[in-house]
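Okay, here's what each chain looks like letter by letter:
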Amino acid sequence: MHNRSDSRENLFSCEVCGKLLASKHSLMAHVRIHTGEKPYSCGVCGEAYAQNSVLKLHMRTHTGEKPYYCSICGKAYAQSSHAKRHIQSHTGEANGQNSTLNLHIRTHTAKKIYSCEICGIAYANNTDLKIHMQFHIGEKTYHCESCGKVYVQKSALMKHIKSHSGEKAYSCGICDKAYSSNWALTVHVRSHTGEKPFPCAICGIAYSSNSGLKIHMRSHTGEKPYNCQVCGSKFAHNTNLIRHMRTHTGEKPYSCEVCGSSFIKKCNLKVHMRTHTGERPYICEVCGSSFTTSSTLKVHMRTHTGEKPFSCEVCSLSLTTSSQLKVHMRFHNGEKPYSCEVCCSSFARSYSLVVHMRSHTGEKPFSCHICSSAFAKNSSLKAHIRIHTKEKPYSCKVCGSSFMKLSTFKIHMRSHNSKTEK
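A brief report on the enclosed structure follows. (Residues numbered from 1 in each chain as written. Predicted model: local features only at pLDDT ≥ 70, side-chain atom pairs only at ≥ 80, totals over all residues. Heavy atoms only, no water.)

## Digging into the overall build of the protein chain
(1) Moving on: Across its full length, the protein chain holds 15 helices and 29 strands.
(2) Moving on: Of all 422 residues assigned to the protein chain, the portion counted as buried reaches 23%.
(3) Moving on: Counting contacts in the protein chain only where the partners sit at least 6 residues apart, residues at least 24 apart contribute 6% of the total.
(4) Moving on: Per element, the accessible surface of the protein chain, about 28,200 Å² overall, is 51% carbon and sulfur. (Helix = DSSP H or I, 4+ residues; strand = E, 2+ residues; numbered from the N terminus. Buried < 20%, exposed > 50% of the residue type's maximum accessible area, 1.4 Å probe, protein only. Contact = heavy atoms within 4.5 Å. Areas by Shrake-Rupley, 256 points an atom, 1.4 Å probe, with all protein chains shown as cover.)

Here it is, written out as structure tokens:
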């Protein structure tokens, strides 16, 4: 496979391409480029390589080893070449010549100087813009025969096809999850190692993939490249647009196997299932009350702290939640969006309509456990229970009289007010 081409220089020549190499070992490694032989395999994910040195570099993606450190900021890298490029971002060395580094720096600085003249989307390099333009002009498109999805790169189409075939050739040696691409596996393994090699240059938050960083950067730049063609709403991530479109189509792909309720988001189904299982994973550290969602716990904590962050601009009344403020504003503007279909009465709150409908249906879902009297409202039941318990929670600060009902207490207070006026 080789000939000694020059006895004085001890060079070895490749018979396939004629390249000269300094040693027999180097020649053998080079020949594998032509034969495709990859004798060095990763024991974790099965990926194979032509050279043992490349396998050693690959293993660092599993172990998280980063032996090369930046002496300026302390950042660590798995390869010395990556560390050298990083150091140049501090020193400015070869900044004008190293175009790859310049392109990389734009991912941090969000500098996007190449703009599409048709839709205005901007990119950090001209290559990405050219690929984007193919969507507009329709050149070099690759179609999926299964679903009709279109791609401008053949490699992207090949990756997409695997989503239909179900082929997942790359398995995680730690948790047995499998993926259709080696890159997806590499990103997944970082969930085990904790490696997050893509930090945000603005706020320091780090991500396990470059795509995660790109999406995060939009929170700083305000970029929202995904537009709803129905209502014009804009989104930073494609998945957010997909969820939003369901509000227009009415699609609810996540169904409860217990009661059949369906939801737009998977996370909403997860929360709903807790109504069946009784799970309440969010516990108040003050009083021990438990809740199905973290947002409900957050609102509950305000009962302990007294925080009321939502203020009415008309009367300055402070309220605990934004929904309470929204309902309160209806008392100022007179809005009553909930109407009774039987008698046309309207209400500011949906619950008021529910209670009102019981006057038509005769439903009384709240029963007294002592005498079995039934009531349409829970508050009416609580007031009734006081007849049995003799509780009088409303006390007059003027004369000390106590009352079972708030309405009776208010009437009593007027007797003091009238005496004061005289």
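## Some points on the environment of Ser-53
(1) Moving on: Mapping Ser-53 onto the fold places it in helix α2 (residues 52–63).
(2) Moving on: The sequence separation of Ser-53 and Tyr-40 amounts to 13 residues, and the corresponding C-alpha distance is 9.3 Å.

## Re the pairing of strand β2 (residues 11–14)
(1) Moving on: Alternating positions in β2 separate into two faces, Leu-11 and Ser-13 on one and Phe-12 and Cys-14 on the other, with burial throughout.
(2) Moving on: Judged from the two bridges that link them, β2 and strand β3 (residues 20–21) form a sheet pairing that is antiparallel. For Ser-13, the partnering residue across the bridge sits in β3 and is Leu-20.
(3) Moving on: Hairpin connection, β2 to β3: the antiparallel pair is bridged by five residues, and Gly-18 has positive phi, about 80°. (Pairing = 2+ DSSP bridges.)

## Brief notes about unusual backbone geometry
(1) Moving on: Notably, Cys-344 is not glycine yet its phi reads approximately 70°, a positive angle.
(2) Moving on: Take Cys-344: it is sitting in the loop between β24 (338–339) and β25 (346–347).
(3) Moving on: Even without being glycine, Lys-390 reaches a positive phi, approximately 65°.
(4) Moving on: The topology assignment puts Lys-390 in the loop between α14 (378–389) and β28 (394–395).

## Things to note about the state of the cysteines
(1) Moving on: In the structure shown here, the tally under the stated rule is zero disulfides.
(2) Moving on: For the unlinked cysteine Cys-172, the closest cysteine sulfur is that of Cys-175, found at 3.9 Å.
(3) Moving on: Judged by relative accessible area, Cys-172 falls into the buried class, the value being 4%.
(4) Moving on: Cysteine Cys-344 shares no disulfide, and the gap to the nearest cysteine sulfur, in Cys-343, comes to 6.8 Å.
(5) Moving on: By relative accessible area, which is 64% here, Cys-344 ends up exposed. (Disulfide = S-S within 2.5 Å.)

## Overview of the environment of Glu-251
(1) Moving on: Residue position: Glu-251 is located in the loop between α9 (238–249) and β18 (254–255).
(2) Moving on: Sequence separation between Glu-251 and Phe-263 is twelve residues, and the spatial gap between their C-alpha atoms is 8.3 Å.

## Side note on the packing of aromatic side chains
(1) Moving on: Counting across every chain of the model gives two aromatic pairs.
(2) Moving on: Plain terms: the ring middles of Tyr-394 and Phe-409 are 6.3 Å apart, the flat faces sit at 25° to each other, and that makes the pair stacked. Here Phe-409 lies in helix α15 (residues 406–421) and Tyr-394 lies in strand β28, a separation of 15 residues in the sequence.
(3) Moving on: Taking the relative accessible area as the measure of exposure, Phe-409 reaches 17% and is therefore buried.
(4) Moving on: Here a set of aromatic residues connected by ring pairs shows up, and it is made of Tyr-394, Phe-403 and Phe-409. (Phe/Tyr/Trp six-rings, centres within 6.5 Å; stacked < 30°, edge-to-face > 60°.)

## Concerning helix α11 (residues 294–305)
The periodicity of an α-helix, 3.6 residues per turn, causes residues three or four places apart in sequence to face the same way.
(1) Moving on: For α11, which comprises twelve residues, the first-to-last C-alpha distance of 17 Å matches the rise-based estimate of 16 Å (1.5 Å per residue) to within 8%.
(2) Moving on: Listed in full, the buried residues belonging to α11 are Leu-297, His-300 and Arg-302.
(3) Moving on: Check the buried side of α11 and you find it contacts β20 (282–283), β21 (290–291) and β22 (310–311).
(4) Moving on: Phi turns positive, to about 80°, at Gly-306, one or two residues after α11. (Expected span 1.5 Å × (residues − 1).)

## Remarks on the nonpolar core
(1) Moving on: Formed by Cys-42, Cys-45, Tyr-49, Leu-55, Cys-172, Leu-185 and Val-189, the largest nonpolar core amounts to seven residues.
(2) Moving on: If we skip the residues at most four places from it in the chain, Cys-42 touches Glu-47, Leu-55, His-58, Met-59 and His-62.
(3) Moving on: Among the nonpolar cores identified, the runner-up in size contains five residues, and Phe-12, Cys-14, Leu-21 and Val-31 belong to it. (Core = buried A, V, L, I, M, F, W, Y, C linked by side-chain atoms within 4.5 Å.)

## Examining the environment of Pro-39
(1) Moving on: Following the sequence through the fold, Pro-39 ends up in the loop between α1 (24–35) and β4 (40–41).
(2) Moving on: With relative accessibility at 38%, the residue Pro-39 sits in the partly exposed group.
(3) Moving on: Between the C-alpha atom of Pro-39 and that of Asn-52, which follows or precedes it by 13 residues, the distance is 8.4 Å.
(4) Moving on: Setting aside chain neighbours within four positions, we find Pro-39 in contact with Arg-32, Tyr-49 and Ala-50.

## Observations concerning the side chain of Arg-302
(1) Moving on: If you trace the backbone, Arg-302 turns up in helix α11.
(2) Moving on: In this structure the side chain of Arg-302 is engaged in a polar contact, spanning 2.6 Å, whose partner is the backbone oxygen of Thr-320.
(3) Moving on: In contact with Arg-302, not counting residues within four places along its chain, are Glu-307, Pro-309, Phe-310, Thr-320 and Thr-321. (Polar contact = N/O pair within 3.5 Å; in protein donor to acceptor, adjacent residues only side chain to side chain.)

The values are spatial; any link to function lies outside them.
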